[in-house]
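Structural features, examined
So the chains spell out like this:
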Amino acid sequence: MKDEQPQAPEPKGKLDTDGERTTGRDPLLEAIDWRLHEENVRRLRQRIFKAAQDGSLATVRDLQKLMLRSWSNTLVSVRQATLLNAGRKTAGVDGEVALTPRARMELAVRVHREAPAWRPRPVKRVYIPKAGNRAKLRPLGIPVIADRCHQGRVRNALEPEWESRFEPKSYGFRPGRGCHDAIAAIFQACCPAKAKRVWALDADLAAAFDKIDHGRLLEAIGTFPARDLIREWLKAGVMEKGKGFAPAEEGTPQGGVISPLLLNVALHGLETAAGARYYPAGSNKAGCAEPGSPMVIRYADDLVALCHSQRQAEQVKARIAEWLAPRGLTFNEEKTRIVHIDDGYDFLGFNVRRYNGKLLIKPSKAAIQRVRERLRTEFRALRGANAAAVIAKINPITRGSPGVPSLSHDVAPELRGEHLQHTSGRVVLVVAAGLTFVVSGRGVWCNTCGATTRC
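Please read these numbers as outputs of a predicted model, since none were measured by experiment.

Calculation rules
Residues numbered from 1 in each chain as written. Predicted model: local features only at pLDDT ≥ 70, side-chain atom pairs only at ≥ 80, totals over all residues. Heavy atoms only, no water. Pairing = 2+ DSSP bridges. Helix = DSSP H or I, 4+ residues; strand = E, 2+ residues; numbered from the N terminus. Core = buried A, V, L, I, M, F, W, Y, C linked by side-chain atoms within 4.5 Å. Buried < 20%, exposed > 50% of the residue type's maximum accessible area, 1.4 Å probe, protein only. Contact = heavy atoms within 4.5 Å. Axes fitted to C-alpha atoms, helices over the stretch in contact; angles between N-to-C directions. Arc of directions from axis to C-beta. Polar contact = N/O pair within 3.5 Å; in protein donor to acceptor, adjacent residues only side chain to side chain. Phe/Tyr/Trp six-rings, centres within 6.5 Å; stacked < 30°, edge-to-face > 60°. Lys NZ or Arg CZ within 6 Å of the ring centre and 35° of its normal. Salt bridge = Lys/Arg side-chain N within 4 Å of Asp/Glu carboxyl O.

**Section: the pairing of strand S1 (residues 123-129)**
As paired elements, S1 and strand S4 (residues 238-240) share three bridges and run parallel to each other. Residue Lys-124 lies in a different strand from S4, and its bridge partner there is Met-239. As paired strands, S1 and strand S2 (residues 137-142) are joined by six bridges and run antiparallel to one another. Residue pairing in the sheet places Ile-128 in a bridge with Arg-138 of S2.

If you want it as structure tokens, here you go:
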């Protein structure tokens, strides 16, 4: 792939030269063939992946340098950060966002031009409630918009190399994988009536993003061409309102585009340290755990180790703790426990438990309660709204998001939510949490308890 240079497309006529003023559209962005640029990035990622699989490190580095110079990579990364990501309207410490076509194109040109000499800016520290306990706050670090674009460019170069190395039972923040794949792996291991892995180490890492050791992480990245840029992102520090600037000696900020990938790189090798052994590629059972071996299923910093006995589970916990210590990480003892599958445990919003020899995986009570609370909040806000507005707001909640635990089509029918539909001038919604809401021109009320959006 040639090293493209950013150039504004030539106007196609008088109407195009004045298009932004007369139609509100930007002819620069309309002239971009997005399918072509996305295909360029996809093809180059595949070449990096294949070269890494073949063990040709020199070829991998050459292709990664080509990706970092690619104009297609810059365009796709800027589009992702400024148009597709949910946080596109959130500014960093510089207060800059790019919400118009013209601003996005100018940002793309600037990012591509300044890439060789770019120096990261500090992140803006904000706090959001934790999903499991809203009384506790989770720190987020929001990079400036230009840093988000640069991180997307670097991620496209680094991720394919590591995708060829990552362990088979790692599912968090990886392309083509999600939490339902992790739940499916647990089901396949524990579903048979004669399943032997009946003990589970249900573990959580304490502040994993905030405690990653920089030295170990950079050592794992090796001779990656943008290694120095990653080091500067790690050391950029944070700006917090009322406290000013604080340097960063450890961890990677939650909220960064490249942070989930760096966490996966830092935790690579955890399954091997736990003693998990899998059949090699090319065999009929490739990816399956060998007999007598524990199976570790990890989603980011949440993990479950399926073991044959309580003693093996304790040994696995000790091995993992010893492996985590040099990397600056520890178990969150409040959320870490060893349980029998008959007693059950919660993982990724699901409850895994065996009842009289039959394995059932269903949404956890906490996950159902979160959905109920969110629906209550949304319905209160929708008082007086028309049916179309209610449909647009509620359907995404009942469907769920890709890769996120949801009460959707793949759970028990009695727990599943039905989507909003017009029915004889009114709208009926059966919520997954067991409540029926009726929406009409008169307003919204709960048909289960009779309350007006107060159930």
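**Side note on the nonpolar core**
Among the nonpolar cores identified, the biggest contains 83 residues, and Ile-230 and Phe-347 are the most heavily contacted of them. If one sorts the elements of this core by residue count, helix H9 (residues 179-190) sits on top with seven residues. Filtering out sequence-adjacent residues up to four positions away, Ile-230 remains in contact with Val-154, Leu-158, Leu-218, Ile-221, Phe-224, Ile-258 and Leu-262. By size, the runner-up hydrophobic cluster in this structure holds 12 residues, among which are Ala-98, Met-105, Ala-108 and Cys-149.

**Some thoughts on the sheet that holds strand S10 (residues 350-355)**
Sheets are built from strands paired through backbone hydrogen bonds, the pairs being either parallel or antiparallel. The antiparallel open sheet is built from three strands, whose spatial order is S9-S10-S11. The two strands at the open ends of the sheet, each matched to only one other strand, are strand S9 (345-347) and strand S11 (358-363). The average undirected angle you get between the axes of adjacent strands in this sheet is 30°. Looking at chain direction, S9 and S10 are connected through three bridges and run antiparallel. Note on S10: the bridge partner recorded for Asp-346 is Asn-351.

**Some words on helix H11 (residues 214-221)**
His-214, Leu-217, Leu-218 and Ile-221 are the residues of H11 that are buried. Here the buried residues of H11 occupy an arc of 95° about the axis, which is enough to place them on one side. Residues of H11 that are buried make contact with helix H5 (57-69), helix H8 (145-163), helix H12 (227-234) and helix H13 (259-267). You can read the cap of H11 off the contacts: a side-chain oxygen lies 3.2 Å from the backbone nitrogen of Gly-215, and it is on Asp-213.

**What about the side chain of Thr-336?**
Secondary-structure assignment places Thr-336 in the loop between helix H15 (310-324) and strand S8 (337-340). Looking at Thr-336, its side chain comes within polar contact range of the main-chain oxygen of Asn-332, at 2.8 Å. Once residues lying within four places of it in the same chain are set aside, the contact partners of Thr-336 are Leu-201, Asp-202, Ala-203, Asp-204, Lys-317 and Phe-331.

**Some words on the sheet that holds strand S3 (residues 199-204)**
Here four strands make up an open sheet; going across it, the order is S6-S7-S3-S8 and the pairing antiparallel. Each edge of the open sheet is held by one strand with a lone partner, namely strand S6 (295-299) and S8. Put simply, the sheet's adjacent strands are angled 20° from each other on average, direction ignored.

**A word on the packing of aromatic side chains**
Evaluated as defined, the whole model comprises two aromatic pairs. Pairing Trp-162 with Phe-166 gives two aromatic rings, centres 5.9 Å apart and planes at 35°, and the pair type is tilted. Judged on exposure class, the residue Trp-162 and its partner Phe-166 are both buried. Ring geometry for Phe-173 against Tyr-299: centres 6.0 Å apart, planes inclined by 45°, an arrangement best described as tilted. A residue pair is termed long-range when its members are at least 10 positions apart, and Phe-173 in the loop between H8 and H9 and Tyr-299 in strand S6 qualify at 126 residues. With a relative accessible area of 43%, Phe-173 lands in the partly exposed category. Given the relative accessible area of 16%, Tyr-299 is considered buried. When the ring centre of Trp-34 is taken as reference, the NZ or CZ atom of Arg-79 above it lies at 4.9 Å. For the cation-ring pair, Arg-121 lies above Trp-118, with the distance from its terminal atom to the ring centre recorded as 4.3 Å.

**Structural notes on the pattern of salt bridges**
Throughout the structure, instances matching the rule amount to 16 salt bridges. Lys-50 is paired through a salt bridge with Asp-54; the nearest N and O atoms lie 3.0 Å apart. With Lys-50 and Asp-54 both in helix H4 (residues 34-54) and four residues apart, this pair spans about one turn of that helix. On the accessibility criterion, Asp-54 (54% relative accessible area) is exposed. Among the salt bridges present, the one from Glu-232 reaches Arg-119, with a minimum N-O distance of 3.7 Å. Taken together, the positions of Glu-232 in helix H12 and Arg-119 in the loop between helix H7 (101-114) and S1 put the pair 113 residues apart, joining distant regions of the chain. When its relative accessible area of 27% is taken as the criterion, Glu-232 is described as partly exposed. A residue is classified by how much of its surface remains accessible, and Arg-119, at 47% relative accessible area, is partly exposed. Counted as one network, the salt bridges with shared partners bring together Glu-39, Arg-42 and Arg-43.

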